[in-house]
Amino acid sequence: MSEDQVRSGPGTPTRRALLAGAGAVGAAVVLSACGADDAGDGATSTTSPGPTVPSTGDAGGGDRQGSQSLATTTDIPLGGGKVLAAEGVVITQPSPGEFKGFDPICTHQRCPVSNVDGGTINCTCHGSKFSIEDGSVKAGPATRPLPAKNVKVVGDQISFA
């Protein structure tokens, strides 16, 4: 018989049994709190579904590329263009009122193109130049054209088509 049992008497739990039981109860409380749906005051907690997202427009759930204005027609110079890196497009105006969109990543080694100047879309990483009319290679080392991106003009706003 252990010293604890002698002091406590034969029907009394040992200190070891009490500590083990208290540990088990504590673990059960922690585990039940992890999976409980109770808010603690008898109320059931619910998750808010969040704001309603419209099926059109640019509220994060609509046709983001189709509705978001990228630039205005006056932002894009005739015979030139503009690199819109954050939007993922280069927009050019090769002739009056004609707007074209291209991927802003060079087909040589995937560097972003840096500017539109002198009638070409230019990559300063290795010197590749692409046509503002059709994205074709005007100067290497790139051997493949810039992929086209469809853009549309509504009023004076340019957006993805």
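These numbers were taken from a predicted model, which means no experiment stands behind them.

Can you walk me through the overall build of the chain in this structure?
From N to C terminus, the chain includes three helices and eleven strands. The order of helices and strands in the chain, counted from the N terminus, is α-α-α-β-β-β-β-β-β-β-β-β-β-β. Each of the 161 residues in the chain was classed as buried or not, and the buried ones make up 26%. Long-range pairs, those at least 24 residues apart, make up 36% of the contacts in the chain between residues at least 6 apart in sequence. Counting only carbon and sulfur atoms, one obtains 53% of the accessible surface of the chain, whose full area is about 10200 Å².

Got a minute to help me understand the sheet that holds strand β2 (residues 80–84) in this structure?
What links the strands of a sheet is backbone hydrogen bonding, and the strands pair in either a parallel or an antiparallel sense. Pairing in this open sheet of four strands is antiparallel, and the strands run β2-β3-β4-β9 from one edge to the other. One side of each edge strand has no neighbouring strand; the edge strands of this open sheet are β2 and β9 (148–149). Both strand β4 (residues 98–102) and β9 contribute to a ladder of two bridges, which runs antiparallel. Across the sheet, residue Phe102 finds its bridge partner in β9, namely Ala148.

What should I look at first to understand the state of the cysteines in this one?
Any covalent bond linking the sulfur atoms of two cysteines counts as a disulfide. Across all of its chains, the model carries one disulfide by this definition. In this model, Cys111 is linked to Cys125 through a disulfide, with the two sulfur atoms separated by 2.4 Å. Note on the Cys111 and Cys125 pair: the S-S dihedral is about -105°, so by sign convention the disulfide is left-handed. Linking Cys111 in the loop between β4 and β5 (115–117) with Cys125 in the loop between β6 (120–122) and β7 (129–131), this pair joins segments that are 14 residues apart in sequence. Residue class for Cys111 comes out buried when judged on its relative accessible area of 15%. The thiol of Cys106 is not disulfide-bonded; the next cysteine sulfur, from Cys123, is found 3.9 Å away.

Where do I start with the sheet that holds strand β1 (residues 69–72) in this structure?
The strand order across the open sheet built from three strands is β1-β11-β10, with neighbouring strands paired in antiparallel fashion. Bordering the open sheet on either side are β1 and β10 (151–154), each of which pairs with just one other strand. Between one strand and the next, the sheet's axes are offset by a mean angle of 30°, whatever the strand orientation. Two strands pair when backbone bridges link them, and β10 and strand β11 (residues 157–160) are joined in this way by four bridges, in the antiparallel orientation. Bridge assignment links Lys152 to a residue of β11, and that residue is Ser159.

I tried to follow the pairing of β4 on my own but got confused; where do I start?
Along any regular strand, the residues point their side chains to alternate faces of the sheet. Here four bridges tie strand β3 (residues 89–95) to β4, and the two strands are oriented antiparallel to one another. Counterpart to Thr92 in the pairing with β4 is Lys100. Between β3 and β4, which follow one another and run antiparallel, lie two residues, and Gly97 among them has a positive phi close to 80°.

Help me out: how do you make sense of unusual backbone geometry in this one?
With the exception of glycine, the majority of residues adopt a negative phi angle, and the majority of peptide bonds are in the trans configuration. Look at Arg110: it is not a glycine, yet its phi comes out positive at around 65°. With respect to the element layout, Arg110 can be found in the loop between β4 and β5. Taking relative accessible area as the criterion, Arg110 reaches 60% and is therefore assigned exposed.

Looking at this structure, I do not really get the environment of Thr124. What am I missing?
On the secondary structure map, Thr124 appears in the loop between β6 and β7. Judged by relative accessible area, Thr124 falls into the exposed class, the value being 59%. Those residues in contact with Thr124 that lie beyond four places of it in its chain are Ser114 and Asn115. For Thr124, the side chain forms a polar contact with the side chain of Ser114, separated by 3.4 Å.

Rules of the game
- Residue positions are counted from 1 within each chain, in the order its sequence is given.
- The predicted nature of this model means local features are confined to residues of pLDDT at least 70 and side-chain atom pairs, given and counted, to a pLDDT of 80 or more, with totals for whole chains, interfaces and linings taken over all residues.
- The side-chain quantities take in all heavy atoms of the structure and omit both hydrogens and water.
- The way it works is that DSSP assigns letters per residue, a run of H or I at least four long becomes a helix, a run of E at least two long becomes a strand, and they are numbered from the N terminus.
- Three exposure classes are used, based on accessible area relative to the maximum for each residue type with a 1.4 Å probe and protein chains only: buried under 20%, partly exposed in between, and exposed over 50%.
- Working rule for contacts: check all heavy atoms of both residues, and any pair within 4.5 Å makes them a contact.
- Values of accessible area rely on a 1.4 Å probe in the Shrake-Rupley scheme; residue burial ignores everything except the protein chains shown.
- We treat two strands as partners when DSSP finds at least two bridges between them.
- Any pair of cysteine sulfurs within 2.5 Å is marked as a disulfide.
- The axes are straight lines fitted to the C-alpha atoms, using for helices just the contacting stretch, and the angles between their N-to-C directions are given from 0 to 180°.
- Side-chain atoms alone can form a polar contact between residues adjacent in sequence; in general such a contact is a pair of N or O atoms within 3.5 Å, and within protein one must be able to donate a hydrogen while the other accepts it.

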